[in-house]
Amino acid sequence: MTSLPQVRTGLLSNQLDDQVLVYDPRADSVHLLDPTTARVMELLADRGRTTDEIVVEIARQVDVPSGKALLALAIDELRKADLLDESVSSSPQPEVSRRELLRKVALAGAAAVIAPAIVTLSPSPAYAQGSCLAKKDCCTVNADCCSNKCDPTTGSACPGTLECH
């Protein structure tokens, strides 16, 4: 039996229709998990589950013969989003490409399956949201300058004729 990774502690999650929003306070980021990845994360959080039980549950949810490839892809996505506790030893999951997964699913006759995916949103640093130009920096309007004063240059190397005062 393969040892499964554990979900990191301290994550906050909220159901949003069939997807799940996960807030990571450590990275100050929000992750939107598709239904398959959300279910895998939920099953991993329930530490009493075996790999085989999770594979069967995922296969049942998505209506495919085997959920093994989906489990591997979901775990890979959770790792990339840094939502798993890597300090807990776990066996590496086999590498499965999305293309290979979709080929297997198509051969099995499943019509529409979305491969596990996570969308991550991170805020811009505060300094990038409201920065202003310092004295002697080149400007075009008053609002560019911290002093709110964009005037003709006084001998600086500004390509235009205005600089912050």
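Everything that follows concerns the structure shown earlier in this document.
The notes below deal with the structure included here. Not measured: the values here are computed from a predicted model.

Cut-off values and rules
- Residues numbered from 1 in each chain as written.
- Predicted model: local features only at pLDDT ≥ 70, side-chain atom pairs only at ≥ 80, totals over all residues.
- Heavy atoms only, no water.
- Disulfide = S-S within 2.5 Å.
- Helix = DSSP H or I, 4+ residues; strand = E, 2+ residues; numbered from the N terminus.
- Polar contact = N/O pair within 3.5 Å; in protein donor to acceptor, adjacent residues only side chain to side chain.
- Contact = heavy atoms within 4.5 Å.
- Buried < 20%, exposed > 50% of the residue type's maximum accessible area, 1.4 Å probe, protein only.
- Expected span 1.5 Å × (residues − 1).
- Axes fitted to C-alpha atoms, helices over the stretch in contact; angles between N-to-C directions.
- Parallel < 35°, antiparallel > 145°, perpendicular 65-115°, else oblique.
- Nonpolar A, V, L, I, M, F, W, Y, C, P; charged D, E, K, R; others polar.

1. Some words on the state of the cysteines
So, step 1. If you walk through the whole model with that rule in mind, you get three disulfides.
So, step 2. Between the sulfur of cysteine 132 and that of cysteine 146 lies a disulfide, 1.8 Å long from S to S. The disulfide joining cysteine 132 to cysteine 146 has a torsion of about 90 degrees about its S-S bond and is therefore right-handed. A residue pair is termed long-range when its members are at least 10 positions apart, and cysteine 132 in the loop between helix H5 (126–129) and strand E7 (150–152) and cysteine 146 in the loop between H5 and E7 qualify at 14 residues.
So, step 3. Here cysteine 139 is linked by a disulfide to cysteine 150, with a sulfur-sulfur distance of 2.0 Å. Its torsion about the S-S bond being 100 degrees, the disulfide of cysteine 139 and cysteine 150 is classed as right-handed.

2. Observations concerning the side chain of arginine 8
So, step 1. When you line up the elements, arginine 8 lands in the loop between strand E1 (6–7) and strand E2 (12–16).
So, step 2. In this structure the side chain of arginine 8 is engaged in a polar contact, spanning 2.3 Å, whose partner is the backbone oxygen of aspartate 82.
So, step 3. Contact partners of arginine 8, with chain neighbours within four places excluded, come to Asp24, Arg26, Asp82, Leu83, Leu84 and Asp85.

3. Remarks on the environment of leucine 70
So, step 1. On the secondary structure map, leucine 70 appears in helix H3 (residues 68–80).
So, step 2. Judged by relative accessible area, leucine 70 falls into the buried class, the value being 0%.
So, step 3. Once the C-alpha coordinates of leucine 70 and alanine 59 are considered, the two residues, 11 residues apart in sequence, prove to be 8.2 Å apart.

4. Points about helix H2 (residues 51–62)
So, step 1. In this model, H2 (12 residues) spans 17 Å end to end at C-alpha, consistent with the 16 Å of a helix rising 1.5 Å per residue.
So, step 2. Considered for burial, the residues of H2 that qualify are Thr51, Ile54, Val55, Glu57, Ile58, Ala59 and Val62.
So, step 3. Looking at the buried residues of H2, the elements they touch are helix H1 (35–45) and H3.

5. Remarks on the packing of H2 against H3
So, step 1. The geometry of H2 relative to H3 is characterised by a closest axis approach of 8 Å and an angle of 100 degrees between their N-to-C directions. Here H3 runs roughly perpendicular to H2, going by the angle between their axes. For the pair H2 and H3, contact is made by Thr51, Ile54, Val55, Ile58 and Val62 and by Lys68, Leu70 and Leu71, respectively.
So, step 2. Across the contact of H2 with H3, the residue classes break down as six nonpolar, one polar and one charged.

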